[in-house]
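# Descriptive analysis of the structure
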Amino acid sequence: MELYLDTADVKSVKRLAKILPIQGVTTNPSIVAKEKKPIFDVLNELQAAVGAKSQLFAQVIANNAKDMIKEAEKLRLYFPTIVIKVPVTSEGLIAIKELSAQEITTLGTAVYGAGQGFLSALAGAKYVAPYVNRIDAQGGSGIEVVAELQTLLEMHCPSSMILAASFRTPRQVLDCLLAGCKSITIPTDIAELFIADPAVDAAIKQFDNDWINAFGDLKL
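As the structure is a prediction and not an experimental result, all values here were calculated from the model. (Residues numbered from 1 in each chain as written. Predicted model: local features only at pLDDT ≥ 70, side-chain atom pairs only at ≥ 80, totals over all residues. Heavy atoms only, no water.)

## Topic: helix 5 (residues 90-101)
Think of an α-helix as 3.6 residues a turn; residues three or four steps apart then line up on the same face. Taking 1.5 Å of rise per residue, 12 residues should cover 16 Å, and helix 5 covers 17 Å from first to last C-alpha, within 8% of that figure. Within the span of helix 5, buried status applies to Gly 92, Leu 93, Ala 95, Ile 96 and Leu 99. Considered in projection along helix 5, the buried side chains sweep an arc of 160° and stay on one side of the axis. Among the exposed residues of helix 5, those oriented more than 90 degrees off its buried face are Ser 90, Lys 97 and Ala 101. Lining the buried residues of helix 5 we find helix 4 (65-78), strand 4 (83-87), strand 5 (106-111) and helix 6 (114-123). Taken from the residues just after helix 5, Glu 103 is the one with a positive phi, measuring 65°. (Helix = DSSP H or I, 4+ residues; strand = E, 2+ residues; numbered from the N terminus. Expected span 1.5 Å × (residues − 1). Buried < 20%, exposed > 50% of the residue type's maximum accessible area, 1.4 Å probe, protein only. Arc of directions from axis to C-beta. Contact = heavy atoms within 4.5 Å.)

Here you go:
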């Protein structure tokens, strides 16, 4: 099981990396743009925040295969182990095939259907990222797409894996995991919801009060 944070907020990454067993950080153009810094500066800061052994993901900006490949090669020059995110379009599939031939690890992103994601795996993508909540927002079922894609990969492309993305609730995350998904990336606000619950806080407060009433202070 691989857990990633989907953010470029270095402060949040530093804090949550101390709490959660994350394997690294995923980014996309919108996430990086929020930081208002050059992408290479952002990635350097993120790598420092999660440690040298953790995995970074970054997405190409170009819309044609030739330039996607050039951008991927540039990113790999600065970050040799980075996973290159490529939108699963006709041009993106060309790029994924070529990058895979160069043994550059890729993730097929912006996936809205099981068939689309399956094609990226066939092209050589190690990871495939269905957009769970965005599919739901369009009237589809993100979890059904994940389940179908998981079955296709297990049957035909066992070397590829889903990295589910785009979540609005913790329930969506759990449903993906129950569907057999082996990796997920979650935004920091969803991560916070997993580890912060008013009911838990209330229970701990009751324990503290009962102990203090019995023994005077919070010591064993």
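## Side note on a nonpolar patch on the surface
Together, Met 1, Ile 19, Leu 174, Leu 177, Leu 178, Phe 194 and Ile 195 make up an exposed nonpolar region whose accessible area comes to about 660 Å². Breaking the nonpolar patch down by element, the ones donating at least two residues are helix 9 (170-178) and helix 10 (188-195). Top element by residues in the nonpolar patch is helix 9. It accounts for 3 residues. Locating Leu 174 in the fold gives a position in helix 9. (Patch = residues over 30% accessible without salt bridge, like charges linked within 9 Å, V, L, I, M, F, W, Y side chains within 5 Å. Areas by Shrake-Rupley, 256 points an atom, 1.4 Å probe, with all protein chains shown as cover. Salt bridge = Lys/Arg side-chain N within 4 Å of Asp/Glu carboxyl O.)

## A few points about helix 8 (residues 142-156)
With 15 residues, helix 8 extends 21 Å between its outermost C-alpha atoms, agreeing within 8% with the 21 Å of an ideal straight helix rising 1.5 Å per residue. All of the buried residues in helix 8 are Gly 142, Val 145, Val 146, Leu 149, Gln 150 and Leu 153. The buried residues of helix 8 occupy an angular sector of 135° when projected down its axis, which confines them to one face. Summarising the geometry of helix 8, the exposed residues directed more than 90 degrees from the buried face are Glu 144, Glu 154 and Met 155. Those residues of helix 8 that are buried are in contact with helix 6, strand 6 (127-130), helix 7 (132-137), strand 7 (161-164) and helix 9.

## Considerations on the sheet that holds strand 6
If you walk around this closed barrel you meet the 8 strands as 1-2-3-4-5-6-7-8, and the pairing is parallel. Between one strand and the next, the sheet's axes are offset by a mean angle of 25°, whatever the strand orientation. Strand direction decides the pairing type here: strand 1 (residues 2-6) and strand 2 (residues 24-26), joined by 3 bridges, are parallel. Paired with Tyr 4 across the strands is Gly 24, a residue of strand 2. Packed on one face of the sheet, helix 6 meets strand 5 and strand 6 and runs near 165° to strand 5. (Pairing = 2+ DSSP bridges. Axes fitted to C-alpha atoms, helices over the stretch in contact; angles between N-to-C directions.)

## Observations concerning the pairing of strand 6
Every second residue of strand 6 is oriented toward a common face, with Tyr 127 and Ala 129 on one face and Val 128 and Pro 130 on the other, all of them buried. Here 3 bridges tie strand 5 to strand 6, and the two strands are oriented parallel to one another. Residue pairing in the sheet places Gly 108 in a bridge with Val 128 of strand 6. What joins strand 5 to strand 6 is helix 6, and the crossover it makes is right-handed. Across 2 bridges, the pairing between strand 6 and strand 7 is parallel. Looking at strand 7, one finds that Tyr 127 is bridged to Met 161. (Right-handed = clockwise from strand over helix to strand, strands pointing away.)

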